[in-house]
Amino acid sequence: MKYNTINKEAIDKLMDIFYEKVRKDKDIGPIFNAKIGTDNESWKKHKDKISNFWQGMILGEGDYNGQPLKAHMELEAFDPQLFDVWLALFEESLTLIFDDEMKFVFLQRAQMIARNFKNIMYRGA
């Protein structure tokens with residue numbers, strides 16, 4: 001089922017699909033698994049937290065109060081090209097969940113976030 005509107009249910013579904021891809025990815029999976037853990041409960045907490053983040057970004061709802069840039073800055077150094085892997089997996093997941101219009105809303109924000117993080121973390125690399 002593709003959503004033609006963005007709501008909490010759709011964002012939660014997106015997080016399930018996206019992070020399943022992330023956990024299995026040969027390039028970014030090890031980074032995420034090292035930070036989050038490999039058990040399902042840790043991943044559920046992470047997905048809930050990031051769902052809350054996206055609810056705030058897209059819907060102006062939720063109570064996310066994390067510091068996403070700080071969390072990424074604290075990771076061991078990784079190849080900046082891995083942001084492209086992250087974006088590709090995110091876009092694949094969006095395509096499965098949303099119609100083109102809603103996908104574009106998310107993708108535009110995700111690209112902006114990735115570009116900003118990459119520029120700050122790697123000084124424009």
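Residues numbered from 1 in each chain as written. Predicted model: local features only at pLDDT ≥ 70, side-chain atom pairs only at ≥ 80, totals over all residues. Heavy atoms only, no water.

Asker: Could you clarify how one ought to interpret the confidence of the model for the chain in this entry?
Answerer: Where the model shows low pLDDT, its predicted coordinates should not be examined in detail. Overall, the prediction assigns the chain a mean pLDDT of 92, with 98% of residues at 70 or greater. When pLDDT is averaged over each helix and strand of the chain, the minimum, 83, is found for helix α4 (residues 68-73) and the maximum, 97, for helix α1 (residues 8-24). (pLDDT = per-residue confidence, 0-100. Helix = DSSP H or I, 4+ residues; strand = E, 2+ residues; numbered from the N terminus.)

Asker: Where do I start with the layout of surface pockets in this structure?
Answerer: The gaps left among the atoms become clear once a water-sized probe is rolled over them. Empty space within the largest pocket amounts to approximately 750 Å³. Around the largest pocket sit 29 residues that line it, and Phe32, His46, Ile50, Ala71 and His72 are the ones nearest its centre. Mapped onto the lining of the largest pocket, the elements with two or more residues apiece are α1, α2 (29-36), α3 (40-59), α4, α5 (82-97) and α6 (100-122). Counting residues per element, the lining of the largest pocket draws most heavily on α3, which supplies 5 residues. Of the residues belonging to the lining of the largest pocket, the class tally is 21 nonpolar, 4 polar and 4 charged. (1 Å grid on protein atoms, 1.4 Å probe; cavity = no way out; pocket = protein on both sides within 12 Å on 5 of 7 lines; lining within 4 Å. Points joined across faces, edges and corners; volume = space filled by probe spheres on them. Nonpolar A, V, L, I, M, F, W, Y, C, P; charged D, E, K, R; others polar.)

Asker: How do you make sense of the pattern of salt bridges when you look at a structure like this?
Answerer: One pass over the structure, following the stated rule, counts 8 salt bridges. In this structure, Glu20 engages Lys24 in a salt bridge whose closest nitrogen and oxygen atoms are separated by 3.3 Å. Here Glu20 pairs with Lys24, and both are found in helix α1, just 4 residues apart, close to one helical turn. In this structure Glu20 comes out as partly exposed when scored by relative accessible area, which is 37%. The salt bridge involving Lys70 is made with Glu74; its shortest N-O contact spans 2.5 Å. Lys70 gets classed as partly exposed once you look at its relative accessible area, which sits at 44%. Overall, the relative accessible area of 49% leaves Glu74 in the partly exposed class. (Salt bridge = Lys/Arg side-chain N within 4 Å of Asp/Glu carboxyl O. Buried < 20%, exposed > 50% of the residue type's maximum accessible area, 1.4 Å probe, protein only.)

Asker: What exactly am I supposed to notice about the nonpolar core here?
Answerer: If you look at soluble globular proteins, the nonpolar side chains tend to sit buried side by side. One finds Trp54, Trp86, Phe90, Phe98 and Phe106 to be the most contacted residues of the largest nonpolar core, which totals 35 residues. For this core, the secondary structure elements donating two or more residues are α1, α2, α3, α5 and α6. Apart from the residues within four sequence positions on either side, Trp86 is in contact with Phe18, Ile28, Phe32, Ala110 and Ala114. (Core = buried A, V, L, I, M, F, W, Y, C linked by side-chain atoms within 4.5 Å. Contact = heavy atoms within 4.5 Å.)

Asker: How do you make sense of α2 when you look at a structure like this?
Answerer: Spacing of three or four residues puts side chains on the same side of an α-helix, whose turn is 3.6 residues. Three or more residues of α2 are buried, namely Gly29, Phe32, Asn33 and Ile36. Taken down its axis, α2 places every buried residue within 95 degrees of arc, on the same side. Residues of α2 that are buried make contact with α1, α3 and α5. Among the residues trailing α2, Gly37 stands out with phi positive, at a value near 115 degrees. (Arc of directions from axis to C-beta.)

Asker: It is not clear to me how the packing of aromatic side chains should be interpreted in this structure. Could you clarify?
Answerer: What characterises a pair of aromatic rings is the spacing of the ring centres plus the angle enclosed by the ring planes. Considering all chains together, one arrives at 16 aromatic pairs under this definition. Consider the rings of Tyr3 and Phe98, whose centres lie 6.1 Å apart with planes at 50 degrees: the pair is tilted. In this pair, Tyr3 sits in the segment before α1 while Phe98 sits in the loop between α5 and α6, placing the two residues 95 residues apart along the sequence. Of the residues examined, Phe98 reaches a relative accessible area of 0% and is grouped as buried. (Phe/Tyr/Trp six-rings, centres within 6.5 Å; stacked < 30°, edge-to-face > 60°.)

Asker: Whenever I open this one, α3 confuses me. Can you help?
Answerer: Look at α3: 27 Å from first C-alpha to last across 20 residues, which is about the 28 Å you get at 1.5 Å a residue. Listing the buried residues of α3 in full gives Trp43, His46, Ile50, Ser51, Asn52, Phe53, Trp54, Gln55 and Ile58. Check the buried side of α3 and you find it contacts α1, α2, α4, α5 and α6. Just downstream of α3 lies Gly60, where phi reads positive at about 70 degrees. (Expected span 1.5 Å × (residues − 1).)

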